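# A closer look at the structure
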Amino acid sequence: MKDTATRSDTAMTLSFEIEGMTCASCVGRVERALRAAPGVQSANVNLATEKAEVVGEALDRAALVGTIERLGYDVRPHEVALEIEGMSCASCVGRVERALLAVPGVTKASVNLGTERAQITGTAAPAALIAAVDQLGYPARLATASAGPAETASARREEEAEQLRRDLLVAAVLTLPVFLIEMGGHLFAPVHAVAMQTFGQQGSWLLQAALSTTVMAGPGAQFYRKGVPALFKAAPDMNSLVAVGTLAAWGYSLVATFAPGLLPTGTVNVYYEAAAVIVTLILFGRWMEARAKGRTSQAIARLVGLQPRTARVVRAADVQEIAVADLKAGDIIDLRPGERVPTDGAVTEGTSWIDESMLTGEPVPVEKRPGDQVTGGTVNQTGVLRLRATAVGQETMLAQIIRMVEEAQGGKLPIQGLVDRVTLWFVPTVMVLSALTFAVWLIFGPSPALSFALVNAVAVLIIACPCAMGLATPTSIMVGTGRGAEMGILFRRGAALQALQDVRVVAFDKTGTLTEGKPRLTDLVLAPDQTRAEVLAAIAALEAKSEHPIARAVVIAAEENGLSLPQIDGFESHTGQGVCAHLNGTRLAIGSARFMATLGLDPGPLAETAAQFAEEGKTPSFAARGAQVVAVLAVADPVRDSAPQAIAALHGLGLKVAMITGDTTRTAQAVARQLGIDEVVAEVLPEGKVQALDRLKRIGPLAFVGDGINDAPALASADVGIAVGSGTDIAIEAADVVLMSPRLGAVPEAIALSRAVLRNIRQNLFWAFAYNTALIPLAAGALWPAFGLLLSPVFAAGAMALSSVFVLGNALRLKRFAPPQGGQT
């Protein structure tokens, strides 16, 4: 449902898309019911557009949806994208998702920490969704359209990183004296002596109290503003762990400083340096995260930057420079050498070479002539062109690519479900473990037990912050899908990344996918005493009268040879057999062996040549002039140049390769032998491709590669549908992965990229889970009985910050992904 809400001074307008209305009676029922709802001033329902517009005051969207549904009609769900600030870990993600799912009318909600966006499906009002998130303490707003989110998010991340940098510098400057006074005294006795002589113990503690309090109240205040309210709502997050840990160390130190008599003998110690250093180190980790997050979304930023800001448009015989946003379909655009194409269009004048590498990943420029299509964002190389704009704004190919990448980056993989279930209870579990650590050390620990209990409990809280868990999956998806876009591979759905790495069989459509889809004259063998140019011109003149694809291939061959075609008369077509006419009073005929026989002609030795052509998967025909067969010609749909290497690379990945085609078995087998294809399913009607895929799925998960309208059902039925970019819009819409060029080498590259991304995610999850799980016992003091070792809260904070930085750094390695030679991964 694309529902919108607009307000005037007192009234508001709500729009709904309604399914199930079939006649004017339906319209009347819906209108009457809506007008009777509280607050409604007017309601207008349109059967053609299936939309209802309701105007009124203080309208309740959920109640209006219920009114429509009670009549037996459905309100079409819609998708709302929100930009959310302030999320810092997987626990935050889980809380936001639960809050969104609790909003009436929401059927699905997916929150992504890496992109800081939420995708919500349902009938709930955007205002209700924003309010639900705001109530948790995370500022939310509607995401802007298309290219906007990338630019907005990039600017916001830069601002966030800059603010964190300033906070970090302030915190570091204030923390350094505290660290030197306290820890320096433990490491180097002279430092302690100087501190005691200068300040005295009480003076030293007072200075540390002032500095650490400033760190916590200034740069560190963000942890307490978010973490403490989350505790009172019984929904603790990463900020809560930091808040509890640092407040415990700081509060204990304040008591030791100002009311030492309240503490047991031997436990009067201060831990100001722990509180201050923890805040500083976590700010450092947050700053590194913000910088790395910005780099994960650079792919979209680069795509947005491909579109020029202005275009020169021909208006009233003048060339005017206008903003690209003001372009309209049909505008004539003047394009000079070296300039980027401002929008999608068709060449009307001029010839040039266009660099389409941003679209296809191919570095070789493509020649463009009048009538050819060009894509916005590509680069004009040498000539001057004039274009007619065919698509502008959000309809351009570049805008669609950006939308696809954004949707894929914002999606969740099935593997993320495990992370979500674990992190839902992770923070509360950590707080329980911290409390148990405190209790065990207080009861069984050596003297001073209270100090040991405090230090180890704080260390457990800090070491277990689940930042790395929340970033493990989305950052890899963002970088991986961005790298794919640079290679001309678009994942329309993020889940396709995971599904593709499990594929064991890759099935190809033949015509237009493995082959070029354009039949060519491949062979022309002449009888003795015949001239090639004369025979080709004659048969092309005859075939020019026919609409058959084979005929068109012969005519193109004559044109490419620069031959002029003679005049013929008396053209006759014999369906399924051949054609004939007269040239200079002599009968001229082209067709099958059976057609030659009906004319009483014997091909002689040329029959053996025709049989050889048929074995090679080509379609042979005979040409006769008068009473003599003068030639045998063969027409075939050539295999794409990239097909052999692609099939070899897929075999290198350990995959089986199949081909599904409606062609004859002989032709299909010939192509399969040429390419080394393992399984062939031939003579299949379009509706039979789905059944053929079902049989192949017995081998294992299957990907289907196709390009045509009749491939759409198969693309949708396969575990992963891959559409080549030269295909139709319908095929692309049915696919999970889109290749922006017909280069088939992108198929094994997509699979290798998928495997690399999933391998990267598993590494991240292992590091995040294993690292946190392994270090919690150390922080709790597991090494103390055997080795007398404890993990300081300061080192716990550093280790926690480094875990997030490691995960982000590992994800960023995918930016350098290059498909391995031979397909091996």
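Residues numbered from 1 in each chain as written. Predicted model: local features only at pLDDT ≥ 70, side-chain atom pairs only at ≥ 80, totals over all residues. Heavy atoms only, no water.

## Some words on the overall build of the protein chain
The secondary structure content of the protein chain amounts to 30 helices and 31 strands. Burial status across the protein chain gives 54% buried among its 825 residues. Pairs at least 24 apart in sequence give 68% of the contacts found in the protein chain among residues at least 6 apart. Carbon together with sulfur atoms contributes 57% to the accessible area of the protein chain, which is approximately 35,200 Å² in total. (Helix = DSSP H or I, 4+ residues; strand = E, 2+ residues; numbered from the N terminus. Buried < 20%, exposed > 50% of the residue type's maximum accessible area, 1.4 Å probe, protein only. Contact = heavy atoms within 4.5 Å. Areas by Shrake-Rupley, 256 points an atom, 1.4 Å probe, with all protein chains shown as cover.)

## Description of helix α2 (residues 61–70)
Structurally, the α-helix is built with 3.6 residues per turn, so residues lying three or four positions apart point the same way. Turning to α2, its buried residues number three or more, namely R61, L64, V65, G66, T67 and I68. Sitting at the amino-terminal end of α2 is D60, which places a side-chain oxygen 3.1 Å from the backbone nitrogen of A62. Immediately beyond the C-terminal end of α2, within one or two residues, lies G72, with a positive phi of roughly 100 degrees. (Polar contact = N/O pair within 3.5 Å; in protein donor to acceptor, adjacent residues only side chain to side chain.)

## Description of the sheet that holds strand β14 (residues 352–355)
Strand order across the open sheet formed by three strands is β15-β14-β17, with antiparallel pairing between neighbours. The open sheet is flanked by β15 (366–368) and β17 (379–380), the only strands paired with a single partner. Where β14 and β15 come together, three bridges link them in antiparallel fashion. Paired with I354 across the bridge in β15 is V366. (Pairing = 2+ DSSP bridges.)

## Considering the pattern of salt bridges
In total, this model carries 20 salt bridges according to the counting rule given. Residue R117 is joined to E83 by a salt bridge in which the shortest nitrogen-to-oxygen separation is 3.8 Å. Within this pair, whereas R117 is found in strand β8 (residues 117–122), its partner E83 is found in strand β6 (residues 78–84), the two being separated by 34 residues in sequence. As far as burial versus exposure is concerned, R117 and E83 are alike and both buried. Notably, a salt bridge pairs E162 with R166, separated by 3.5 Å at the nearest N-O pair. With E162 and R166 both in helix α5 (residues 147–187), this residue pair falls four residues apart, about one helical turn. For E162, a relative accessible area of 31% puts it in the partly exposed group. It is possible to trace a salt-bridge network through shared partners that takes in R312, D334, R336, E339 and R386. (Salt bridge = Lys/Arg side-chain N within 4 Å of Asp/Glu carboxyl O.)

## A closer look at unusual backbone geometry
Following S447, the chain continues into P448 via a peptide bond in cis, with omega recorded as -5 degrees. By secondary structure assignment, the location of P448 is in the loop between α14 (416–444) and α15 (449–463). Even without a glycine there, the phi angle at D529 is positive, about 70 degrees. Looking at the element boundaries, D529 is found in the loop between β21 (520–526) and α19 (532–543).

## Details of the UniProt feature "transmembrane region" (unreviewed entry) in the protein chain
Feature annotation in UniProt assigns "transmembrane region" (unreviewed entry) to the following positions: residues 168–191, 203–221, 241–263, 269–288, 422–444, 450–473, 765–784 and 790–812. Secondary structure across residues 203–221 divides into 84% helix and 0% strand, with the first and last C-alpha atoms of the span separated by 25 Å. Structurally, residues 765–784 comprises 85% helix and 0% strand, and the distance from its first C-alpha atom to its last is 29 Å. (UniProt positions renumbered as here; feature names shortened; annotations may be inferred.)

## Describing the confidence of the model for the protein chain
Atomic detail in the predicted coordinates should be set aside for any region of low pLDDT. A residue-level look at the protein chain finds 86% of positions with pLDDT of 70 or above and a mean pLDDT of 82. Predicted confidence for residues 1–9 stays below pLDDT 50, and this span has 30 contacts to residues more than four positions away or in other chains. (pLDDT = per-residue confidence, 0-100.)

## Some points on the packing of aromatic side chains
Scanning the model with the defined rule gives six aromatic pairs in all. On the numbers, 5.6 Å between centres and 25 degrees between planes, the contact of W441 with F452 is stacked. On the criterion of sequence distance, the pair formed by W441 in helix α14 and F452 in helix α15 is long-range, its members being 11 residues apart. Just as W441 is buried, F452 falls in that class too. Taking 5.3 Å as the distance between ring centres and 55 degrees as the angle between the ring planes, the aromatic pair formed by F452 and W784 counts as tilted. With a gap of 332 residues between them, F452 in helix α15 and W784 in helix α29 (residues 784–787) connect regions that are remote in the sequence. Residue classification places F452 among the buried positions, given a relative accessible area of 18%. An aromatic cluster of three or more residues is present, and its members are W441, F452 and W784. (Phe/Tyr/Trp six-rings, centres within 6.5 Å; stacked < 30°, edge-to-face > 60°.)

## Some points on the nonpolar core
Ranked by size, the top nonpolar core spans 138 residues in total, and within it L82, L100 and F508 carry the most contacts. With residues up to four places along the chain from it excluded, the contact list for L82 reads L100, E116, R117, A118, I120, L129, I130, V133, R141, L142 and A143. A541, A557, I568 and I590 belong to the second largest nonpolar core, which has 25 residues in total. (Core = buried A, V, L, I, M, F, W, Y, C linked by side-chain atoms within 4.5 Å.)

## Section: a positive patch on the surface
Taken together, the side chains of R759, R762, R813 and R816 present a region of like positive charge at the surface. Within the secondary structure layout, R813 lies in the segment after α30 (793–812). With relative accessibility at 40%, the residue R813 sits in the partly exposed group. (Patch = residues over 30% accessible without salt bridge, like charges linked within 9 Å, V, L, I, M, F, W, Y side chains within 5 Å. Lys, Arg positive; Asp, Glu negative; His and termini not counted. Charge placed at Lys NZ, Arg CZ, Asp CG, Glu CD.)

## Here we look at the side chain of D167
Position of D167 among the secondary structure elements: in helix α5. Buried within the structure, D167 lacks any salt-bridge partner; R166 is the closest side chain of opposite charge, at an N-O distance of 6.1 Å. Those residues in contact with D167, other than ones at most four positions away along the chain, are P219, Q222 and L283.

## Quick look at the sheet that holds strand β25 (residues 619–625)
Read from one edge to the other, the open sheet built from six strands follows the order β21-β26-β25-β24-β23-β22, with strand pairing classed as antiparallel. What marks the edges here is a single partner per strand, and that holds for β21 and β22 (569–574). On average, adjacent strands in this sheet sit at an angle of 20 degrees to one another, irrespective of strand direction. The sheet contact formed by strand β23 (residues 578–583) and strand β24 (residues 586–591) spans six bridges and is antiparallel. The partner of L583 across the bridge, within β24, is T586. Across the sheet, α19 lies against β21, β22, β23, β24, β25 and β26 (628–636), angled at about 80 degrees from β24, the strand it touches most. Of the strands in this sheet, β21, β25 and β26 touch helix α22 (residues 606–615), which is tilted by about 5 degrees from β26. (Axes fitted to C-alpha atoms, helices over the stretch in contact; angles between N-to-C directions.)

## Quick word on the environment of V458
In this fold, V458 is placed in helix α15. A relative accessible area of 3% places V458 in the buried class. Remark: the alpha-carbon pair of V458 and A249, spanning 209 residues in sequence, is separated by 7.3 Å. Discounting residues that sit within four places of it in the chain, V458 has contacts with G245, A248, A249, I278 and P793.

## Structural notes on the packing of helix α9 (residues 238–258) against α15
The geometry of α9 relative to α15 is characterised by a closest axis approach of 8 Å and an angle of 160 degrees between their N-to-C directions. Classified by the interaxial angle, the pair formed by α9 and α15 is roughly antiparallel. Viewed along their axes, α9 and α15 form a crossing whose handedness is left-handed. Facing L241, V242, V244, G245, A248, A249 and Y252 of α9, the residues of α15 in contact are L450, S451, L454, V458, L461 and I462. (Parallel < 35°, antiparallel > 145°, perpendicular 65-115°, else oblique. Left-handed = near helix turned anticlockwise from the far one by under 90°.)

## Details of the environment of E57
With respect to the helices, strands and loops of the structure, E57 is situated in the loop between β4 (51–56) and α2. Between the alpha carbons of E57 and T13 there is a distance of 8.6 Å; along the sequence they are 44 residues apart.

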